[in-house]
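Residue strings, one per chain:
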Amino acid sequence: MHPVTPAFPSARFRRLRASAALRDLTQENRLSVKDFIWPVFVRDGENVEQPIASMPGVNRLSVDRVVKAAAEAAGLGIPAICLFPYTDPALKTADCAEAWNPDNLANRAIRAIKAEVPEIAVMTDIALDPYNINGHDGYVVDGQIVNDETVAALVKMALAQAESGADILGPSDMMDGRIGAIRVALEAAGHRNVTILSYAAKYASAFYGPFRDAVGASGALKGDKKTYQMDPGNSDEALRLVARDLAEGADMVMVKPGMPYLDICRRVKDAYGVPTFAYQVSGEYAMLKGAALNGWIDGEKSMLESLLAFKRAGCDGILTYFAPEAARILAEAQTAGG
Ligand code: PBG
């Protein structure tokens, strides 16, 4: 027993749970719209919203629609949006040159959002998989994913995104040394305030399946990503990776996936006290949405509970496909006085 907790009946834990007012007063962690980064999928075309079968309620949006979505998100108070391009298969090559094309889909979307909705922070993804003919995050040479050559390409990609106006760069590739290389290049190019949110502890996870459908990488991917993404059995390694990325110049760090890895979030926050984020990934979204759509769980309540759990685990924020839906519910709760 905790030393300051007297014996029953002096202590009755139910006293503080007896009314909504007392529960509100004593709640330790709270969810806010300010905790959200909203990942969105961008595609080419004009006025297009294309549903993604494995992510009910999520669409691929053409650039004009992404700008509208960003304006809506800003209106709801969501601080950041994260862009993932669905690249035309014809533009996928072995050298991945489309990744640093200043006029690629992601860079056009960054510029369009920053022109129309400057107040929302725009986050990017840095990895070669949307542009790679074989679906990997790095170059494949003789069946190996090569590290240093990939890092050189990622630096070009990062600079093109920063040049387009990105506020937060998200290296998600898990190559070694990429944070340092990107940071040095950003400083040299005068991009002093461009931040890096490193996907520091990113696991080789089956929960990314629907995302790979969404960006059109599922068919392309040969093999798995286990030589660069982490083994789900590892925990100490996550701390070493976070320490390494911070030392190389990451401003913020991420754990990914989210819900199955809340223990890692807690360890990272406790060990370093740095801005710590989790990515509630596509498979987590699909599980919750799928069960809700079948009437097996309460969609709204399970969504909010899952998001609050990230706060309890020590996260400062969450990348979540639920961001606008959750933001609307939180706003309604506010006006209802609850
Ligand atoms: C690409 C990337 C992935 C995700 C974010 N960036 C997929 C992967 O590593 O295969 C997954 C996001 C999600 O599942 O929602 N490097």
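Before reading further, recall that the structure is shown in the block above.
Read on for an overview of the structure. (Residues numbered from 1 in each chain as written. Predicted model: local features only at pLDDT ≥ 70, side-chain atom pairs only at ≥ 80, totals over all residues. Heavy atoms only, no water.)

## Comments concerning the overall build of the protein chain
Alright, step 1. Scanning the protein chain for helices and strands turns up 11 helices and 12 strands.
Alright, step 2. With the C-alpha coordinates of the protein chain rotated into their principal frame, the extents come out at 70 × 45 × 40 Å.
Alright, step 3. Relative to its full complement of 338 residues, the protein chain shows a buried share of 53%.
Alright, step 4. Carbon together with sulfur atoms contributes 54% to the accessible area of the protein chain, which is approximately 15,200 Å² in total.
Alright, step 5. Of the side chains in the protein chain, 35 bear a positive and 42 a negative charge, and the two mean positions are spaced by 7 Å. (Helix = DSSP H or I, 4+ residues; strand = E, 2+ residues; numbered from the N terminus. Buried < 20%, exposed > 50% of the residue type's maximum accessible area, 1.4 Å probe, protein only. Areas by Shrake-Rupley, 256 points an atom, 1.4 Å probe, with all protein chains shown as cover. Lys, Arg positive; Asp, Glu negative; His and termini not counted. Charge placed at Lys NZ, Arg CZ, Asp CG, Glu CD.)

## Some words on the packing of helix 2 (residues 63-76) against helix 3 (residues 105-116)
Alright, step 1. It is at 9 Å that the axes of helix 2 and helix 3 come closest, and there the two elements cross at 45°. The angle between the axes of helix 2 and helix 3 places the two elements in the oblique class. In this structure, helix 2 meets helix 3 at a crossing whose hand is right-handed. Counting all contacts with helix 2, which are made through Val63, Val66, Val67 and Ala70, the residues of helix 3 involved are Leu105, Arg108, Ala109, Ala112, Ile113 and Glu116.
Alright, step 2. Grouping the amino acids of the contact of helix 2 with helix 3 by side-chain chemistry returns 8 nonpolar, no polar and 2 charged. (Axes fitted to C-alpha atoms, helices over the stretch in contact; angles between N-to-C directions. Parallel < 35°, antiparallel > 145°, perpendicular 65-115°, else oblique. Left-handed = near helix turned anticlockwise from the far one by under 90°. Contact = heavy atoms within 4.5 Å. Nonpolar A, V, L, I, M, F, W, Y, C, P; charged D, E, K, R; others polar.)

## As for the pairing of strand 12 (residues 317-320)
Alright, step 1. Of the two faces of strand 12, the one lined by Gly317 and Leu319 and the one lined by Ile318 and Thr320 are each fully buried.
Alright, step 2. Here strand 1 (residues 36-43) pairs with strand 12 via 2 bridges, running parallel. Looking across to strand 12, one finds that Ile37 is bridged to Leu319.
Alright, step 3. Where strand 11 (residues 276-280) meets strand 12, 4 bridges bridge the pair, whose relative direction is parallel. Bridged to Ala278 within strand 12 is Ile318. (Pairing = 2+ DSSP bridges.)

## A word on the site of the ligand
Alright, step 1. Surrounding the ligand, one finds 18 residues, the nearest of these being Lys202, Arg212, Lys256, Ser282 and Tyr321.
Alright, step 2. At a separation of 2.9 Å, a nitrogen atom of the ligand approaches a polar side-chain atom of Asp137.
Alright, step 3. Burial of the ligand by the protein chains amounts to 100% of its free accessible area of 400 Å².
Alright, step 4. The site holding the ligand turns out to be the largest cavity. (Near = heavy atom within 4 Å. Polar contact = N/O pair within 3.5 Å; in protein donor to acceptor, adjacent residues only side chain to side chain. 1 Å grid on protein atoms, 1.4 Å probe; cavity = no way out; pocket = protein on both sides within 12 Å on 5 of 7 lines; lining within 4 Å. Sits in = over half its atoms within 2 Å of the grid points.)

## Some points on the packing of helix 7 (residues 236-248) against helix 8 (residues 262-272)
Alright, step 1. With their axes 10 Å apart at the nearest point, helix 7 and helix 8 run at an angle of 50° to one another. Taken together, the axis directions place helix 7 and helix 8 in an arrangement best described as oblique. Seen along the crossing, helix 7 lies across helix 8 with a hand that is right-handed. In this structure, helix 7 uses Asp236, Ala238, Leu239, Val242, Ala243 and Leu246 to contact helix 8, whose residues at the interface are Ile264, Arg267, Val268, Ala271 and Tyr272.
Alright, step 2. Grouping the constituent residues of the contact of helix 7 with helix 8 by class yields 9 nonpolar, no polar and 2 charged.

## Quick notes on empty space enclosed by the protein
Gaps between atoms show up when a probe of the same size as a water molecule is rolled over them.
Alright, step 1. Evaluation of the coordinates by the stated rule reveals 3 cavities of 30 Å³ or more.
Alright, step 2. Quantified by volume, the largest cavity comes out at close to 90 Å³.
Alright, step 3. Residue lining of the largest cavity: 13 residues in total, with Asp129, Lys202, Phe211, Lys225 and Lys256 positioned closest to the centre. (Points joined across faces, edges and corners; volume = space filled by probe spheres on them.)

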